[in-house]
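# Summary of structural features
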Amino acid sequence: MKDAEFYPIFNIGHQCSRAHCNAGLGAGNAFTFIDHNFQKQRFTFNQLEANSNRFANALSDLGFGEKDIVVSFLPKCPETFFSFIGILKINAIAGSLFSNFGEQALIDRLGDSGAKAVITKKSLYKKIVRIREKLPSLKYIFITDIDKHIDETVLSYRQLVNNASDVFVVPETAPDCPSVLHYTSGSTGKPKGVQHLHRALNTIRESAKEILQLTSDDIYWCTADQGWVTGTSYGIIGPWSLGVSQIHFGGTYDAAAWMQLLQDESVTVWYTAPTALRMLMIEDEELFKKYDLSKLKHIFSVGEPLNPEINLWAQKVLGKEIYDTWFQTETGSIMIANRPGQTIIPGSMGKPWGDINAAICDDEGNELPVRKAGNLCLRLGWDSMFAMYLNNKEVYENKFRNGFYYSGDLAYKDEKGYFYFMSRNDDIINTAGHLISPFEIESALLAMDEVAESAVIGVPDELLWEKIIAFVNIKKQFIWNEDIELKIRIYLSNKLSTIATPKEIIPIDVIPKNRSGKILRRVLKAKYLGEDAGDVSTMDDQNSI
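Residues numbered from 1 in each chain as written. Predicted model: local features only at pLDDT ≥ 70, side-chain atom pairs only at ≥ 80, totals over all residues. Heavy atoms only, no water.

## Description of the overall build of the protein
- What the protein contains, in helices and strands, is 16 helices and 27 strands.
- If you line up the protein on its principal axes, its C-alpha atoms span 75 × 55 × 50 Å.
- Here the protein holds 545 residues, and the buried ones make up 57% of them.
- When the accessible surface of the protein is totalled, it reaches about 22600 Å², and 48% of it is carbon and sulfur.
- For the protein, the separation between the mean place of its 57 positive charges and that of its 68 negative charges on side chains is 2 Å. (Helix = DSSP H or I, 4+ residues; strand = E, 2+ residues; numbered from the N terminus. Buried < 20%, exposed > 50% of the residue type's maximum accessible area, 1.4 Å probe, protein only. Areas by Shrake-Rupley, 256 points an atom, 1.4 Å probe, with all protein chains shown as cover. Lys, Arg positive; Asp, Glu negative; His and termini not counted. Charge placed at Lys NZ, Arg CZ, Asp CG, Glu CD.)

## Some thoughts on the pattern of salt bridges
- What the rule picks out here adds up to 19 salt bridges.
- For Lys289, the salt bridge goes to Glu286, with nearest N and O atoms at 2.9 Å.
- Judged by its relative accessible area of 62%, Lys289 is exposed.
- The partner of Glu504 in a salt bridge is Lys467, with the nearest N and O atoms 3.2 Å apart. With Glu504 in strand S27 (residues 504-507) and Lys467 in strand S26 (residues 465-474), this pair connects stretches of sequence that are 37 residues apart.
- Residue classification places Glu504 among the partly exposed residues on the basis of a relative accessible area of 26%.
- Here the salt bridges share partners, and the residues they tie into one network are Arg18, Glu49 and Lys89. (Salt bridge = Lys/Arg side-chain N within 4 Å of Asp/Glu carboxyl O.)

## So, the side chain of Asn53
- In this fold, Asn53 is placed in helix H3 (residues 45-61).
- What makes Asn53 buried here is its relative accessible area of 1%.
- In this structure Asn53 touches Lys89, Ser165, Asp166, Val167 and Phe168, once residues within four positions along its chain are discounted. (Contact = heavy atoms within 4.5 Å.)

## Concerning the sheet that holds strand S14 (residues 322-326)
- Judged by pairing direction, the sheet is mixed, and its nine strands sit side by side in the order S2-S1-S11-S10-S12-S13-S14-S15-S16 without closing on themselves. Two strands lie at the open edges of the sheet, namely strand S2 (40-44) and strand S16 (351-352), each paired on one side alone.
- Of the pairings in the sheet, the one linking strand S13 (residues 298-301) to S14 comprises three bridges and is parallel in character. Bridge assignment links Ser301 to a residue of S14, and that residue is Asp324.
- Along the sheet face, H3 touches strand S1 (29-34) and S2 and points at about 85° away from the line of S2. (Pairing = 2+ DSSP bridges. Axes fitted to C-alpha atoms, helices over the stretch in contact; angles between N-to-C directions.)

## Side note on the confidence of the model for the protein
- Looking at the protein as a whole, its pLDDT mean stands at 91, while 95% of the residues score no less than 70.
- Contacts for the low-pLDDT stretch residues 1-7, under 50 throughout, to residues beyond four places or in other chains number nine contacts. (pLDDT = per-residue confidence, 0-100.)

## Things to note about the sheet that holds strand S19 (residues 388-389)
- The sheet built from eight strands is open, its strands ordered S7-S6-S5-S3-S4-S8-S9-S19 with mixed pairing. Each having just a single partner strand, strand S7 (154-156) and S19 make up the two edges of the open sheet.
- Relative to strand S8 (residues 178-184), strand S4 (residues 93-97) runs parallel, the two sharing two bridges. Looking across to S8, one finds that Gly95 is bridged to Leu181.

## Looking at the environment of Asp409
- Relative to the helices and strands, Asp409 resides in strand S21 (residues 404-413).
- When the C-alpha positions of Asp409 and Glu531 are compared, they lie 23 Å apart, and in sequence the two are 122 residues distant.
- Those residues in contact with Asp409, other than ones at most four positions away along the chain, are Trp326, Gln328, Gly374, Asn375, Leu376, Phe421, Ser423, Arg424 and Asn425.
- Among the polar contacts listed, one links the side chain of Asp409 to the side chain of Trp326, at a separation of 3.0 Å. (Polar contact = N/O pair within 3.5 Å; in protein donor to acceptor, adjacent residues only side chain to side chain.)

## Here we look at the packing of aromatic side chains
- Using the criterion set out here, one finds 31 aromatic pairs in the structure.
- Both rings, one in Tyr412 and one in Tyr420, keep their centres 4.8 Å apart while their planes meet at 5°; by these two values the pair is stacked.
- Relative accessible area serves as the criterion here: at 10%, Tyr420 is assigned to the buried category.
- An aromatic cluster is defined as three or more aromatic residues linked by ring pairs; in this entry it consists of Trp382, Phe386, Tyr389, Tyr396, Phe400 and Tyr405.
- Sitting above the plane of the Phe64 ring, Lys116 keeps its charged end 4.6 Å from the centroid. (Phe/Tyr/Trp six-rings, centres within 6.5 Å; stacked < 30°, edge-to-face > 60°. Lys NZ or Arg CZ within 6 Å of the ring centre and 35° of its normal.)

## Details of the environment of Glu485
- Mapped onto the elements, Glu485 comes out in helix H15 (residues 482-495).
- Note: C-alpha distance between Glu485 and Lys316 (169 residues apart in sequence) is 42 Å.
- Setting aside its immediate chain neighbours within four residues, Glu485 contacts Trp480 and Ile505.

## Side note on the packing of H3 against helix H4 (residues 78-89)
- It is the contact of H3 with H4, at a shortest axis distance of 7 Å, that shows an interaxial angle of 60°. Between H3 and H4, the angle falls in the class oblique. For the element pair H3 and H4, the recorded crossing hand is right-handed. Contact with H3, carried on its side by Gln47, Leu48, Glu49, Asn51, Ser52, Asn53, Phe55, Ala56 and Leu59, involves Phe82, Ser83, Ile85, Gly86, Ile87 and Lys89 of H4 and no other residues of that element.
- Taken together, the residues of the contact of H3 with H4 sort by class into seven nonpolar, six polar and two charged. (Parallel < 35°, antiparallel > 145°, perpendicular 65-115°, else oblique. Left-handed = near helix turned anticlockwise from the far one by under 90°. Nonpolar A, V, L, I, M, F, W, Y, C, P; charged D, E, K, R; others polar.)

## Describing the nonpolar core
- Grouped together as the largest cluster of nonpolar side chains are 110 residues, with contacts concentrated most on Phe142, Leu212, Tyr220, Tyr234, Trp240, Tyr271 and Ile334.
- Not counting the four nearest positions on each side in its chain, Tyr220 is found in contact with Leu212, Leu214, Tyr234, Pro239, Val244, Ser245, Gln246, Ile247, Val269 and Tyr271.
- In terms of nonpolar packing, the next biggest core, distinct from the first, is built from 27 residues, Leu261, Leu262, Phe288 and Trp313 among them. (Core = buried A, V, L, I, M, F, W, Y, C linked by side-chain atoms within 4.5 Å.)

## Re the packing of helix H11 (residues 274-281) against helix H12 (residues 308-318)
- Where H11 contacts H12, the axes come no closer than 10 Å and their chain directions differ by 55°. Looking at the two axes, H11 sits oblique to H12. Of the two possible hands of crossing, H11 and H12 adopt the one that is left-handed. For the pair formed by H11 and H12, the contact residues are Pro274, Leu277, Arg278, Leu280 and Met281 on the first element and Glu309, Ile310 and Trp313 on the second.
- Grouping the amino acids of the contact of H11 with H12 by side-chain chemistry returns six nonpolar, no polar and two charged.

Have a look at this one:
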């Protein structure tokens, strides 16, 4: 029997809070939360420990335990972080969803995961109410901004934690105990649940130390939402496992506000996305001269390829290099990166770090020579590799060949070992760093009375990397007009999310398909871009466009 001070090496929750208190660092600042009105709350590691313990005890008292799935459906707020750490402390599984998800997106993810509870706010609660009958596994809804329980299953988060002890002893945690669950889109089928394990802590922590070069003296800001793997791996686990102080901002993008935060909070390491950087690029350069960013040592980027011109802009306007990093929901942590001390080749993803072994392979798992384009693959063996696609064993197994994980990205490697992203080898759309399934949008469109058929593509965009374009074939009894277009936009925003709402919706008489009925998205993309569609010999004769 372990005593009360047992040090559970692999438990992420313990390592992000209690470990620092045990080391005498509990009075240090864990994070400063700045809301959209720029009101600040500062929380020490002692407070992170106490608040997460209260939620861990509340869950335990309700009968939650190992492998139960508890999902956060919240915008950034202190409860987002306290609950995440608390869930992991009891060896339950912490899921995290974007707060702008619509009802169908919630049904797909909460239903597939069999989530036992969801944490949300009053303003989002109504979405859960409307779909609850479709979620038989959902036993509890915790609402963070009400003071009293509504009934036996709709509970006040505040009341729960106020009545719970702030002392909790983390149970022994095996390295292969499930920890974090994220959903990622596929080109066909529903979103897939990517299950990670507590041992992922090892790779995440070491990458935060080696790539982001975080130390206990840093003030760190990761702009990613916790619905995204970057927001959990590098907005929670990486920095806090190293005892690093963070800021978290509850507002939206605002160039002046962001610069003010970087200055006033003395941020030293900043992790953001190319879309945000491209948005900053279009601002008047005079704006940036108003702020003192001398404390800012490093800027890192993730989520989509980093345009070379962004780095040139940053050097000129901010006086900083930007270091691109590459990883996926499935890899759990950074795999390939540019980093301080390494020469940056503009347009390159950088090099693998540590023991990460990346390669360019053909479809049979054979490594290809330098400068030869192929599948970007990773040799198996890193600790943050995902353990499964929830309820989808066949698709999971298809990701592995000849000892390699196939990422779904096409790339090549140069003579110096630098990797260069080329494209996805499926139809997934990367818009502002979010991977969007065209199938998911098409399925939602087909549920509308007005839509007979639909096809969705992604096309290059200077700001978003890729923008979503939807082609719709309207039923004969309807006439295409602005009212139908507006209805489609509102419907998709509510059903899926604002992120998944197309930038353009184009009426079309026929959706091009091959003879087996598969949508030929490349033909639509070529038509939209004014390019040659290439071989169309497999296209159904009835589908000429």
